[in-house]
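If you want the building blocks of each chain, they are given just below.
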Amino acid sequence: MITPLIIGAGLGLGLWALVVWAIPPRPGLGALLHRIDTAAEPLTITSQERTGWAATLGKPFVAPLVALGLPSPSLRKDLAITGRSVQTHLAEKASLGIAGLLLPTLISLALAALTMPLPWAVSLTISLIVGVVGFFLPDLGVRRDATRRRSDFRLALSAYLNLIRITLAGGAGVEGALNDAATVGRGWSFAQMRRALTIAKITRVTPWSTLRALGEELDVRELAELSASVSLAGTEGAKVRASLQAKAAALRTRDLADAEGDAQAATERMSLPVIVLFLGFLLFIGYPAIAQVVGGV
């Protein structure tokens, strides 16, 4: 009884989804008023990558996933720092989830054609597990890449702080120091800071405000702190060279501590294969003696 009920519930859910997709319901008056009153989303500073085949296939499922509140705010910041758009990520999640649902079913049909059918309950359970894993797999990749890129960004920010301090010591103004220091560096991190400063020029706003927006968008707290310190120098004439030097030293210390922790973790992971190999060698040596004792008993 359980298997027909599950299959019937899945069929009913699929038919309901098709009806909603073909004849979408009209939004209520409250939703329309909220859409009018909602302020426009802030300008995205970071550049975003092009879409792939998975994003193209899963594009029709983006709107329902957005309506469900996906992705989470923290994941949106991870997507921003990895240069991926929300629509691309949700489309890939939908594509991998559907592929995970269909792949075990296709394998089950192929085995059935070879007169080796799997039970429907087993096939359905495997399909659900693989579908859920495929749906959440892109999130794990995005969070891993975001952690690595934030570490690289903090390292580049430490060099940027030193360049700003040197430029200020040479007699340059605050805005000139920010722009000159950004043009010296290379790499993705400096490219994003140059992009933020260019947007500040085009939109005629202060450069530290766009740097603060970039820090909030990428979830890099140190960049927001930099914009706060520089804004004091730009608006109130405060001397911030010592503060910038202290922030750069703190960032370098943190990066060294993180690198040392990663190295120790890698060393511990390297010892695991040796332990497994040693246990296998002991089993290989001791198995004949244990077999002799057991056989003698």
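Up top you'll find the structure we're talking about.
Residues numbered from 1 in each chain as written. Predicted model: local features only at pLDDT ≥ 70, side-chain atom pairs only at ≥ 80, totals over all residues. Heavy atoms only, no water.

## A short note on the overall build of the protein
Scanning the protein from terminus to terminus reveals 12 helices and 0 strands. Counting every position in the protein, which comprises 297 residues, the buried fraction comes to 30%. Taking the contacts inside the protein whose residues are at least 6 apart along the sequence as the reference set, 70% of them involve residues at least 24 apart. For the protein, the computed accessible surface area is about 19,400 Å², with 69% contributed by carbon and sulfur atoms. (Helix = DSSP H or I, 4+ residues; strand = E, 2+ residues; numbered from the N terminus. Buried < 20%, exposed > 50% of the residue type's maximum accessible area, 1.4 Å probe, protein only. Contact = heavy atoms within 4.5 Å. Areas by Shrake-Rupley, 256 points an atom, 1.4 Å probe, with all protein chains shown as cover.)

## Comments concerning the nonpolar core
Core analysis: the largest hydrophobic core is formed by 31 residues, its most contacted members being Y160, I164, L178, M193, L223 and L226. Of all the elements, helix 7 (residues 120-169) adds the most residues to this core, at 8 residues. In this structure, V62, V86, A94 and F135 belong to the second largest nonpolar core, which totals 11 residues. (Core = buried A, V, L, I, M, F, W, Y, C linked by side-chain atoms within 4.5 Å.)

## A short note on the packing of helix 5 (residues 73-82) against helix 10 (residues 207-218)
With their axes 7 Å apart at the nearest point, helix 5 and helix 10 run at an angle of 115° to one another. Between helix 5 and helix 10, the residues in contact are K77, A80 and I81 and E216, E217 and L218, respectively. Among the residues forming the contact of helix 5 with helix 10, the class breakdown is 3 nonpolar, no polar and 3 charged. (Axes fitted to C-alpha atoms, helices over the stretch in contact; angles between N-to-C directions. Nonpolar A, V, L, I, M, F, W, Y, C, P; charged D, E, K, R; others polar.)

## Quick notes on the environment of I98
Mapped onto the fold, I98 is located in helix 6 (residues 86-113). Residues I98 and V130 lie 32 residues apart in sequence; the distance between their C-alpha atoms is 9.4 Å.

## Some points on the packing of helix 7 against helix 8 (residues 174-184)
Running from N to C, helix 7 and helix 8 cross one another at 130°; their axes reach a closest spacing of 8 Å. Classified by the interaxial angle, the pair formed by helix 7 and helix 8 is oblique. At the point where helix 7 passes helix 8, the crossing takes the right-handed sense. Note on element contacts: helix 8 touches helix 7 through V174, A177, L178, D180, A181, A182 and V184, opposite Y160, L163, I164, T167 and L168. (Parallel < 35°, antiparallel > 145°, perpendicular 65-115°, else oblique. Left-handed = near helix turned anticlockwise from the far one by under 90°.)

## Thoughts on unusual backbone geometry
Following L70, the chain continues to P71 via a peptide bond in cis, the omega torsion being -10°. Position of P71 among the secondary structure elements: in the loop between helix 4 (62-67) and helix 5. In the Ramachandran plot, R204 falls in the positive-phi region, its phi being about 60° despite a non-glycine side chain. Structurally, the position occupied by R204 is in the loop between helix 9 (188-203) and helix 10.

## Comments concerning the environment of T203
You can see T203 is positioned in helix 9. For T203, a relative accessible area of 40% corresponds to the partly exposed category. Engagement of the side chain of T203 in a polar contact is seen with the backbone oxygen of I199, the distance being 2.6 Å. (Polar contact = N/O pair within 3.5 Å; in protein donor to acceptor, adjacent residues only side chain to side chain.)

## Structural notes on the side chain of K93
As for its position among the elements, K93 is in helix 6. What makes K93 buried here is its relative accessible area of 3%. With residues near it in sequence (within four places) discarded, K93 still touches G134, F135, F136, P138 and D139.

## Brief notes about the pattern of salt bridges
Pairing of side chains with opposite charge becomes possible as their charged atoms draw close. Enumeration according to the criterion identifies 11 salt bridges in this entry. Taking the shortest distance from any N to any O, the salt bridge between E92 and R84 comes out at 2.1 Å. The exposure class of E92 is buried, given its relative accessible area of 18%. Look at R84 and you get buried, because its relative accessible area is 14%. The residue E222 makes a salt bridge to R254 at a minimum N-O spacing of 2.6 Å. Remark: R254 occurs in helix 12 (residues 241-296) and E222 occurs in helix 11 (residues 221-236); sequence separation between them is 32 residues. (Salt bridge = Lys/Arg side-chain N within 4 Å of Asp/Glu carboxyl O.)

## With respect to the packing of aromatic side chains
Under the counting rule described, the total for this entry stands at 3 aromatic pairs. Its end group placed over the ring of F135, K93 keeps NZ or CZ at 3.9 Å from the ring centre. Sitting over the ring of W188, R149 keeps its end group 4.3 Å from the ring centre. (Phe/Tyr/Trp six-rings, centres within 6.5 Å; stacked < 30°, edge-to-face > 60°. Lys NZ or Arg CZ within 6 Å of the ring centre and 35° of its normal.)

## Overview of helix 9
Compared with the 22 Å implied by 1.5 Å per residue over 16 residues, the 22 Å span of helix 9 between its first and last C-alpha is a close match. Considering only its buried residues, helix 9 is in contact with helix 7, helix 8 and helix 10. (Expected span 1.5 Å × (residues − 1).)

## Here we look at the side chain of D78
Secondary-structure assignment places D78 in helix 5. Using a relative accessible area of 7% as the deciding quantity, one classes D78 as buried. Among the polar contacts listed, one links the side chain of D78 to the side chain of R150, at a separation of 2.8 Å. If we ignore the near neighbours within four places in the chain, the residues touching D78 are V142, R143, A146 and R150.

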